[in-house]
Amino acid sequence: MSAGCIGGEVNEEMLAALHGCKLIRSGGLIFTNTTGNITDLSSLQQILYLKGPLIIESTDFVVFEFLPRLEFIVNPEEGPGIRVNANPKLVFFELPKLRSLESTEEPKVVILENPNLVIGEKLSNFLRKLPDEQKNITAKQVTKEPQDLHSTSNTTEEEIHPDDPSFVAIAVPLAILFIALCGAFMWAVKKKRITFRRARPCLLPAPNYQLEPKAQVILLSLCQDIMLFNPLIWKFEESKLLWPQEQGECE
């Protein structure tokens, strides 16, 4: 197979001839609506070099990752080196090893009218390195390059640097607001504690209870209800059955 294989429009006969092939010397690989009946594309897995375009157009593919070892695409013919167009079912497209793409015309890559398509991470990273005039892509691309992420991180650090006047303009009002909120919270807690202490004698008598016989029976009944998991509805008026209080005590 050192002389390479001949490509063209992919069909069953071609796939049989491409078994074990690493180099396609002419014709490229063209997948169109005529590829719909093909179910086994495993013979493409060894291809490293493709001379001619890679075209995926008007197919029923859902996922296209049948060229896991493809590294080079050189298209001496007219048109882009990669064209992925009008594949309504295609949701994922990846060429994980691609590292070189050459064509005689620009753009080198055209990926259009694939409404659900997401381009894989490794191919996305490769495509980002191409100048804008060499690509026409409307599909979603996955992640950013590590260098891009690093650049974004540096920019963010510069924008929020403490020596930046904009940082001071934002930080000072936030600090004042934080202090004011803390003060309001402490005041509310203190007020609530005072109110609770004043109201406590009205809700619960002092310890060392001296219950009358009737009150003891009522308390025993309530405890039995709790132990038996019966619903207990406690009303303030019922406390008078246990602890008779003078009317002026809560005032």
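Residues numbered from 1 in each chain as written. Predicted model: local features only at pLDDT ≥ 70, side-chain atom pairs only at ≥ 80, totals over all residues. Heavy atoms only, no water.

As recorded by an unreviewed UniProt entry, the protein carries the name Receptor L-domain domain-containing protein and is attributed to Ancylostoma ceylanicum.

A. Inspection of the overall build of the protein at higher detail. For the protein, the helix and strand inventory stands at six helices and 13 strands. Among the 251 residues that make up the protein, the fraction classed as buried is 28%. In the structure as shown, the protein presents an accessible area of about 16,900 Å², 59% of it carried by carbon and sulfur atoms. (Helix = DSSP H or I, 4+ residues; strand = E, 2+ residues; numbered from the N terminus. Buried < 20%, exposed > 50% of the residue type's maximum accessible area, 1.4 Å probe, protein only. Areas by Shrake-Rupley, 256 points an atom, 1.4 Å probe, with all protein chains shown as cover.)

B. Inspection of the side chain of Thr 59 at higher detail. Topologically, Thr 59 is positioned in the loop between strand S4 (54-57) and strand S5 (63-64). Engagement of the side chain of Thr 59 in a polar contact is seen with the side chain of Asn 87, the distance being 2.7 Å. Discounting residues that sit within four places of it in the chain, Thr 59 has contacts with Phe 31, Thr 32, Asn 33, Ala 86, Asn 87 and Pro 88. (Polar contact = N/O pair within 3.5 Å; in protein donor to acceptor, adjacent residues only side chain to side chain. Contact = heavy atoms within 4.5 Å.)

C. Representation of a nonpolar patch on the surface within the structure. A surface patch of nonpolar side chains, amounting to about 410 Å² of accessible area, comprises Ile 170, Leu 174, Leu 177 and Leu 181. Tracing the backbone through its elements, the reader meets Leu 181 in helix H4 (residues 165-203). For Leu 181, a relative accessible area of 53% corresponds to the exposed category. (Patch = residues over 30% accessible without salt bridge, like charges linked within 9 Å, V, L, I, M, F, W, Y side chains within 5 Å. Salt bridge = Lys/Arg side-chain N within 4 Å of Asp/Glu carboxyl O.)

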